[in-house]
Amino acid sequence: MPSLSKSMEKLEVESAFIVLDKARELERQGKEIVHFEIGQPDFPTPKHIIEAAKKALDEGKTGYTPAAGIYELREAVAEYISESRGVDVKPKEVVITVGAKMGIFASLIAFLDPGDEVVIPSPTYPAYEGVTKFVGGVPVTVKLREERGFSPSGEEIASAVTDKTKAIVINTPGNPTGGVYSREDIEAIYEVAKKRDIVVISDEIYEHIIFDGKKHVSALSIGDKEHTVLLGGFSKSWSMTGWRLGWVIAPEKVADKVAKVQLNSASCPASFVQYAAIAALKGPWDDVWKMVKEYEARRNLIYEEVNSIPGFSMIKPAATFYAFPNVSKLGVKSSKLADMLLNEAGVALLPGTSFGAEGEGYLRISFATSRENIKKGMKRIRDFVKEKFS
Ligand SMILES: Cc1ncc(COP(=O)(O)O)c(C=O)c1O
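Residues numbered from 1 in each chain as written. Predicted model: local features only at pLDDT ≥ 70, side-chain atom pairs only at ≥ 80, totals over all residues. Heavy atoms only, no water.

1. As for the overall build of the chain
Consideration 1: Each helix and strand counted, the chain has 13 helices and twelve strands in total.
Consideration 2: Its C-alpha atoms give the chain a radius of gyration of 21 Å, within 12% of the compact-globule value 21 Å for 390 residues.
Consideration 3: The proportion of buried residues among the 390 residues of the chain is 58%.
Consideration 4: Here the analysis covers contacts within the chain between residues at least 6 apart in sequence; of these, 74% occur between residues at least 24 apart.
Consideration 5: Accessible area for the chain stands at about 16,700 Å²; split by element, carbon and sulfur atoms hold 52% of it.
Consideration 6: When the 51 positive and 53 negative side-chain charges of the chain are each reduced to one mean point, those points stand 3 Å apart. (Helix = DSSP H or I, 4+ residues; strand = E, 2+ residues; numbered from the N terminus. Rg over C-alpha atoms; globule rule 2.2 N^0.38 Å. Buried < 20%, exposed > 50% of the residue type's maximum accessible area, 1.4 Å probe, protein only. Contact = heavy atoms within 4.5 Å. Areas by Shrake-Rupley, 256 points an atom, 1.4 Å probe, with all protein chains shown as cover. Lys, Arg positive; Asp, Glu negative; His and termini not counted. Charge placed at Lys NZ, Arg CZ, Asp CG, Glu CD.)

2. Some thoughts on the environment of Lys 388
Consideration 1: Its location among the elements puts Lys 388 in helix H13 (residues 371-389).
Consideration 2: Each C-alpha atom of the pair Lys 388 and Asp 286 lies 45 Å from the other, and the pair is 102 residues apart in sequence.

3. Quick word on the sheet that holds strand E6 (residues 199-203)
Consideration 1: Taken together, seven strands build an open sheet; the order of strands is E2-E8-E7-E6-E5-E3-E4 and the sheet is mixed. With one partner strand each, in any of the chains shown, strand E2 (94-97) and strand E4 (138-143) form the two edges of the open sheet. When the angles between neighbouring strand axes are averaged without regard to direction, this sheet yields 20°.
Consideration 2: Pairing analysis gives four bridges linking E2 to strand E8 (residues 246-249), with the strands arranged antiparallel. Along E8, the bridge assignment pairs Ile 96 with Trp 247.
Consideration 3: Together, E2, strand E3 (117-122), strand E5 (165-171), E6, strand E7 (228-233) and E8 form the strand contacts of helix H4 (residues 99-111), whose direction differs from that of E7 by roughly 160°.
Consideration 4: Contacting E3, E4, E5 and E6, helix H5 (residues 127-134) runs over the sheet at an angle of about 155° to E4. (Pairing = 2+ DSSP bridges. Axes fitted to C-alpha atoms, helices over the stretch in contact; angles between N-to-C directions.)

4. A few points about the packing of aromatic side chains
Consideration 1: Throughout the structure, instances matching the rule amount to 16 aromatic pairs.
Consideration 2: Pairing Tyr 125 with Tyr 128 gives two aromatic rings, centres 5.8 Å apart and planes at 70°, and the pair type is edge-to-face.
Consideration 3: Taken together, a centroid distance of 5.1 Å and an interplanar angle of 70° make the contact between Phe 321 and Tyr 322 edge-to-face. In this structure, Phe 321 and Tyr 322 share a single accessibility class: buried. (Phe/Tyr/Trp six-rings, centres within 6.5 Å; stacked < 30°, edge-to-face > 60°.)

5. A word on the nonpolar core
Consideration 1: Residues Leu 73, Phe 234, Trp 238 and Ile 381 are the most contacted members of the largest nonpolar core, which totals 70 residues.
Consideration 2: Taken together, domain 1 (6-44 + 286-389) and domain 2 (50-282) each give at least three residues to this core, which thus spans both.
Consideration 3: For Leu 73, the contacting residues outside a window of four places in its chain are Ile 96, Phe 234, Leu 245, Gln 274, Ala 277, Ile 278 and Leu 281.
Consideration 4: Core analysis: the second largest hydrophobic core is formed by 28 residues, Ala 67, Ala 106, Tyr 125 and Tyr 128 among them. (Core = buried A, V, L, I, M, F, W, Y, C linked by side-chain atoms within 4.5 Å. Domains from an automatic or database assignment.)

6. Regarding the site of the ligand
Consideration 1: What surrounds the ligand is a group of 14 residues, the closest being Ala 100, Asp 203, Tyr 206, Lys 236 and Arg 244.
Consideration 2: Here an oxygen atom of the ligand sits 2.8 Å away from a polar atom, N or O, in the side chain of Ser 235.
Consideration 3: Within the side chain of Lys 236, an N or O atom sits 2.7 Å from an oxygen atom of the ligand.
Consideration 4: Protein chains shield 94% of the accessible area of the ligand, which is 400 Å² for the free molecule.
Consideration 5: For the shell around the ligand, the element with the most residues is H4, which contributes four residues.
Consideration 6: Considered class by class, the residues forming the shell around the ligand number six nonpolar, four polar and four charged. (Near = heavy atom within 4 Å. Polar contact = N/O pair within 3.5 Å; in protein donor to acceptor, adjacent residues only side chain to side chain. Nonpolar A, V, L, I, M, F, W, Y, C, P; charged D, E, K, R; others polar.)

7. Some thoughts on the sheet that holds strand E12 (residues 363-366)
Consideration 1: The antiparallel open sheet is built from three strands, whose spatial order is E9-E12-E11. Two strands in the sheet have a free side with no partner beyond their single neighbour: strand E9 (322-323) and strand E11 (350-351).
Consideration 2: The pairing of E11 with E12 spans two bridges and is antiparallel. Bridge pairing in E12 links Pro 351 to Leu 363.

8. Focus: a nonpolar patch on the surface
Consideration 1: On the surface, a cluster of nonpolar side chains totalling about 290 Å² of accessible area is made up of Leu 4, Met 8 and Leu 11.
Consideration 2: Inspection of the secondary structure puts Leu 4 in the segment before helix H1 (15-28).
Consideration 3: Overall, Leu 4 belongs to the exposed group, its relative accessible area being 66%. (Patch = residues over 30% accessible without salt bridge, like charges linked within 9 Å, V, L, I, M, F, W, Y side chains within 5 Å. Salt bridge = Lys/Arg side-chain N within 4 Å of Asp/Glu carboxyl O.)

9. Topic: the domain arrangement of the chain
Consideration 1: The domain architecture assigned to the chain consists of domain 1 (6-44 + 286-389) and domain 2 (50-282).
Consideration 2: Here domain 1 and domain 2 have C-alpha centroids that lie 25 Å from each other.
Consideration 3: At the interface, 37 residues of domain 1 touch 34 residues of domain 2.
Consideration 4: With both sides pooled, the region where domain 1 packs onto domain 2 buries about 3,100 Å², and carbon together with sulfur makes up 60% of that total. (Buried area = accessible area lost by both parts, 1.4 Å probe.)

In structure tokens:
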């Protein structure tokens with residue numbers, strides 16, 4: 001067999017899936033594991049969406065669709081984005097993608113040439129850095145700081161920008177930190193982006209999972225359309241991870257390129273799934289808000305639990321279903337601690353370094369699991385830490 005491509009060496013595997021594999025192996029050996037590793041809602045997809053998918057199947061909506069998605073869904077997303085962002089978005093500026101992940105992939109490919117730099121506030125979702133490297137770009141990370149609620153400093157972003165910077169990728173609300181970017185910080189990012197003609201790629205997939213009555217602040221409401229690519233999707237808010245459906249909002253000439261990347265890889269998202277997604281957007285939204293309410297209760301619980309563990313500390317996550325405790329006081333590398341917790345305490349979670357080197361000293365705990373599980377897992381962690389570290 002001939003040798004594999006050099007670019008394959010740059011593609012990484014999301015560590016949540018590696019940890020899940022390890023945990024499953026331990027389970028096969030008879031161990032009982034509490035799962036905090038995967039960022040996936042533990043609720044069923046709302047019923048009316050499932051019904052809409054069944055109806056679409058019965059009606060024979062089973063063929064290829066246009067690469068950018070069916071017009072009716074592009075129209076529904078355009079309406080939703082226009083209304084929620086207060087900006088006029090046309091269906092031609094919407095591409096329906098195979099998950100938000102395809103949106104990340106396609107939009108970075110659409111902009112980057114080898115050597116182009118991408119500024120990425122980090123720790124963050126690893127695909128931004130991975131795809132940037134894969135296409136020959138250079139990720140330039142800027143540390144997100146706990147004391148700023150994990151919102152990036154405009155000054156630090158500005159000083160990371162060079163003549164080679166093509167894009168700034170932001171993620172608010174953020175995985176793995178649970179932080180939301182402040183309006184002022186997003187404004188500061190656009191100040192640089194507009195002056196230097198840089199695109200802001202804003203991943204807002206957690207836009208609805210936000211707590212304490214806070215309202216999501218979208219890049220598209222602050223910046224101009226010309227410098228913005230907005231990413232979002234159905235996976236998290238509607239508990240539809242396996243349906244693989246997301247969206248990209250971008251100026252028409254960019255949207256065309258994103259659709260072209262999708263055409264050359266997946267062709268299009270699954271047809272009947274797109275019809276079901278119209279039902280998700282049209283509502284009712286009650287199930288979404290019920291899930292968010294439950295995440296908020298879990299967030300409150302885990303906040304108390306984490307702060308009762310010696311050596312752990314955490315600011316209250318403002319959004320998402322991730323807790324991101326600071327464990328640097330324990331004086332052990334995050335990856336080592338995560339391994340110990342899996343093998344010795346039976347708790348699967350991720351080291352902060354799964355989200356970039358800036359995540360050292362942190363763990364990511366997904367609380368997309370029942371309160372009962374949260375209590376059980378946190379007790380195991382507390383008992384383990386007390387035994388090993390005091
Ligand atoms: C920030 C962020 N963006 C995108 C994705 C991928 O979403 P999708 O399942 O729609 O591809 C995830 C999934 O964990 C995520 O955390």
